[in-house]
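Residue-level structural notes
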Amino acid sequence: MTKSCFQCGSAGSAMFGYIICDVCKEKLGLFTDVTIKGHIELYKKSAKKRSYEEEIRYRLDFVEKDYIKKKLKLLYILERLEHI
């Protein structure tokens, strides 16, 4: 059974629990290791209270919570549409 890309529906493979095709993966603009290392160095120099890794984890948590709130709002609207 071929799995479909979450974005375009083409055949894809798993990436962190999501199915994505090669074309859509390229369009993500993923950072290279060199770019990530550069960001780590810039972050160290900026006198932040968190490490770069902690900042990324914080942002992931924020995005996840924001996604859940927005999804709940949309699901609520769908539910209410059935009663209006």
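None of the values given here were measured: they were computed from a predicted structure.

Things to note about the overall build of the chain
For the chain, the helix and strand inventory stands at 3 helices and 2 strands. In the chain, the succession of α and β elements from N to C terminus is β-β-α-α-α. For 84 residues, the compact-globule formula gives about 12 Å, and the C-alpha radius of gyration of the chain, at 18 Å, lies well above that figure. If you line up the chain on its principal axes, its C-alpha atoms span 55 × 35 × 20 Å. Relative to its full complement of 84 residues, the chain shows a buried share of 11%. Restricting to contacts in the chain with at least 6 residues of sequence separation, those with at least 24 account for 0%. Approximately 7,900 Å² of the chain is accessible, and the part contributed by carbon and sulfur atoms is 60%. Across the chain, the mean location of the 17 positive side-chain charges is 4 Å away from that of the 12 negative side-chain charges.

Observations regarding helix α2 (residues 33-45)
Residues spaced three or four apart along an α-helix face the same direction, because each turn holds 3.6 residues. In this model, α2 (13 residues) spans 19 Å end to end at C-alpha, consistent with the 18 Å of a helix rising 1.5 Å per residue. A47 lies just past α2 and shows a positive phi near 60°.

Re the pattern of salt bridges
Pairing between side chains of opposite charge can happen when the charged atoms of each approach one another. Overall, the coordinates contain 6 salt bridges when judged by the stated rule. The shortest N-O distance in the salt bridge between E41 and K44 comes to 3.5 Å. Pair noted here: E41 and K44 are both in helix α2, with a separation of 3 residues, about one helical turn. Classification of E41 by relative accessible area gives partly exposed; the value is 40%. For K44, a relative accessible area of 59% translates into the label exposed.

Overview of the packing of aromatic side chains
One pair of aromatic rings is described through two measures. These are the centre distance and the angle between the planes. According to the stated counting rule, one finds 1 aromatic pair in the structure shown. Seen from their ring centres, Y43 and Y52 are 5.6 Å apart, and the 65° between their planes marks the pair as edge-to-face. Assessed through its relative accessible area of 14%, Y43 is described here as buried. Judged by its relative accessible area of 17%, Y52 falls in the buried class. The ring centre of Y58 lies 4.1 Å from the NZ or CZ of R50, which sits over that ring.

Calculation criteria
- Residues numbered from 1 in each chain as written.
- Predicted model: local features only at pLDDT ≥ 70, side-chain atom pairs only at ≥ 80, totals over all residues.
- Heavy atoms only, no water.
- Helix = DSSP H or I, 4+ residues; strand = E, 2+ residues; numbered from the N terminus.
- Rg over C-alpha atoms; globule rule 2.2 N^0.38 Å.
- Buried < 20%, exposed > 50% of the residue type's maximum accessible area, 1.4 Å probe, protein only.
- Contact = heavy atoms within 4.5 Å.
- Areas by Shrake-Rupley, 256 points an atom, 1.4 Å probe, with all protein chains shown as cover.
- Lys, Arg positive; Asp, Glu negative; His and termini not counted.
- Charge placed at Lys NZ, Arg CZ, Asp CG, Glu CD.
- Expected span 1.5 Å × (residues − 1).
- Salt bridge = Lys/Arg side-chain N within 4 Å of Asp/Glu carboxyl O.
- Phe/Tyr/Trp six-rings, centres within 6.5 Å; stacked < 30°, edge-to-face > 60°.
- Lys NZ or Arg CZ within 6 Å of the ring centre and 35° of its normal.

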